[in-house]
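Each chain is listed here by its residues.
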Amino acid sequence: MKIRSFVMVILCIMLIPAKTYAGDPTDTVTTHVDRVMNVLKGNASEESKKADIRKIAGIMFDFTAMSKATLGKNWTKLDTDQQQEFIRLLRAMLENAYISKILDYSDEKAVYIKERALSDTRVEVQSKLVTKSADIPMDYRMVKTEEQWKVYDVIIEGVSLIKNYRTQFREILSTQTPEELLQVMRKKVGKI
Amino acid sequence: MSTITHHPITLFLIIFINLLLGITGCAHTGKSTSPPGKEDLTFQNQEKTEQSSPEKQENETAAEKMSDDKLFLLDDEEETVPTTIKDPLHGWNRAMFTFNDRFYFLVAQPLTKGYAKIVHADVRAVINNFFLNISMPIRFVNSLLQLKFKSAGTELLRFGINSTLGVVGFLDVAKIDYGLESSDEDFGQTLGKYQLGHGAYFMLPFLGPSSIRDSVGLLGDLFLYPIGYIKPQELSLGIYTYESMNGFSFNLNDYDILKGAAVDPYTAVRDAYYQNRKAKVDE
């Protein structure tokens, strides 16, 4: 009896973290990236592949955090409606630029190197993409939101996506209004 | 492939090297780089004094820093350090950017796409290895100059292994069987390691984004680049052009993606160049 209850207790203890723990950042990235790779390797039509990747991106990335980070201090210059539109436009811009292009990739392999804590709630997952010609360093910066790890920045060969946008937005907003910036983004995304 | 062709955005390193070859090869063409020449002497001063340039540097107060942190702005570096490169030559740079952009879409990309269709990726990878192997002196010497003795040793070892077991460099046996990775070092990075600033952003025709410092670095590396010594010069240039195209065939979409995702492509390219070089120097 004693042994049995002891085993039960151990089992319970083992189960608790498995239930509440959101999974570590590397696992999260690995899962998402593997799913993207599987979509790319599949036989589905281009359109359905794109739709699948969009879905994965929606779970993988925190577009609100990304938007805030790309605008920095300028975030507060936008009113609530503008902020919401900005998030939508940034997401659409990223999806348009990346998704059709990554359909060409399929034989690359992702290798995960290590995890580096940036703060209590932020982590950098370092990986490299092994291609035929070279290994491309690719780091994912993640933030824990509502018990889930989400990507808010991708750093490819030392180039942070967020910083790259931040430089662009800072220059634009130093001479133009938020509305004018949104107008440029609307044009880019393709709706007037 | 040397750093030169690995550069994600320096995609079309094609004909310009001839200008460089011309400069180092014959004295009478020495004047052809007058635009950057003027800036040469003012290197470091510019880094420090250009505070009034359109790209304002961060001079954040403590309070602003706090709020930035909430917005993930201060990941691991102080934003008081300039986060962008000075661009006093932006007139020239913008003109060259437009020129390179057209050259890229009208010439470099279509040609390379055709080449990539004819030649299988595995063959291109083998050719890529060959060029990477013979550009060893650039990485070896610059590793030494940066006191990275382990990298320097690795480069020598890699060269020895790949030149023999790897069939004159066509197979990267050193990496696959011995786990010896090449280190991406060049003279621009060496100068950066010794605290020399970029001076100014400088867009090179055909070669893409660079800076005064890195252009000087490129010239320096030319002396360590075996193909630069091949005579006649046209042949040397031809081989370099081919090497560049072969390397570029693996990154055919990079510029399209960067440009496609950008709100302001000129600034996006400049910033990507700056970040990429900074990461390499800090390495």
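One can find the structure itself at the top, above this paragraph.
What follows concerns the overall build of chain B. Helices and strands together make up the secondary structure of chain B, namely 15 helices and two strands. Put simply, chain B has 283 residues, and 55% of those count as buried. Considering only contacts within chain B whose residues lie at least 6 apart along the sequence, 75% involve residues at least 24 apart. Per element, the accessible surface of chain B, about 12500 Å² overall, is 67% carbon and sulfur.

Time to look at a nonpolar patch on the surface. Residues and elements named next belong to chain B. Together, Leu144, Leu147, Phe149 and Tyr194 make up a nonpolar patch on the protein surface, roughly 440 Å² of accessible area in all. Structurally, Leu144 can be placed in helix α8 (residues 136–145). Classification of Leu144 by relative accessible area gives partly exposed; the value is 34%.

Residue and element names in this part refer to chain B. The tally for this structure, following the rule as stated, stands at 19 aromatic pairs over all chains. A centroid spacing of 5.7 Å and a plane angle of 15° characterise the contact between Trp92 and Phe202, whose relative ring orientation is stacked. With Trp92 in helix α6 (residues 90–118) and Phe202 in strand β1 (residues 201–204), this residue pair connects regions lying 110 residues apart in the sequence. Look at Tyr201 and Tyr266: their rings are 6.3 Å apart centre to centre, the planes differ by 75°, and that puts the pair in the edge-to-face class. Here Tyr201, found in strand β1, pairs with Tyr266, found in helix α15 (residues 265–282); they are 65 residues apart in sequence, far enough to count as distant. The same class applies to Tyr201 as to Tyr266, namely buried. Here a set of aromatic residues connected by ring pairs shows up, and it is made of Tyr115, Phe130, Phe131, Phe170 and Tyr242. If you follow Arg94 out to its NZ or CZ, it ends over the ring of Tyr266, 4.0 Å from the centre. Over the face of the ring belonging to Phe250 we find Arg124, whose NZ or CZ atom lies 5.2 Å from the ring centre.

Mapping Gln109 of chain B onto the fold places it in helix α6. For the pair Gln109 of chain B and Met245 of chain B, spaced 136 residues apart in sequence, the C-alpha separation works out to 9.1 Å.

Thresholds applied
Numbering of residues begins from 1 in every chain and follows the order in which that chain's sequence is written. Chains carry letters from A onward and ligands carry numbers from 1 onward, assigned in written order. Residues qualify for local features only when their pLDDT is at least 70, as the model is predicted, and side-chain atom pairs are given and counted only at 80 or more; totals for whole chains, interfaces and linings, by contrast, use all residues. With hydrogens and water set aside, each side-chain value is computed from the structure's full complement of heavy atoms. Secondary structure counts use DSSP, requiring at least four H or I residues in a row for a helix and at least two E residues in a row for a strand, with both numbered from the N terminus. Throughout, exposure labels follow a simple rule: accessible area from a 1.4 Å probe, protein chains only, divided by the maximum for the residue type, with under 20% read as buried, over 50% as exposed, and the rest as partly exposed. Note on contacts: a residue pair is in contact if any heavy atoms of the two residues lie within 4.5 Å. Residue burial considers only the protein chains on display, and all accessible areas are found by Shrake-Rupley using a 1.4 Å probe. Think of a patch as exposed residues, more than 30% relative accessible area, with no salt bridge, where like charges cluster within 9 Å and nonpolar side chains (Val, Leu, Ile, Met, Phe, Trp, Tyr) cluster within 5 Å. Within this document, salt bridges are pairs made up of a side-chain nitrogen of Lys or Arg and a carboxyl oxygen of Asp or Glu, the two lying within 4 Å of each other. Stacked, tilted and edge-to-face are the three classes applied to pairs of Phe, Tyr and Trp rings, where Trp contributes its six-membered ring and a pair requires centres within 6.5 Å; stacked means planes under 30 degrees apart, edge-to-face means over 60, and tilted covers the rest. Note on criteria: charge over ring means Lys NZ or Arg CZ within 6 Å of the ring centre, with the direction from the centre no more than 35 degrees off the ring normal.

Structural measurements only, silent on function.
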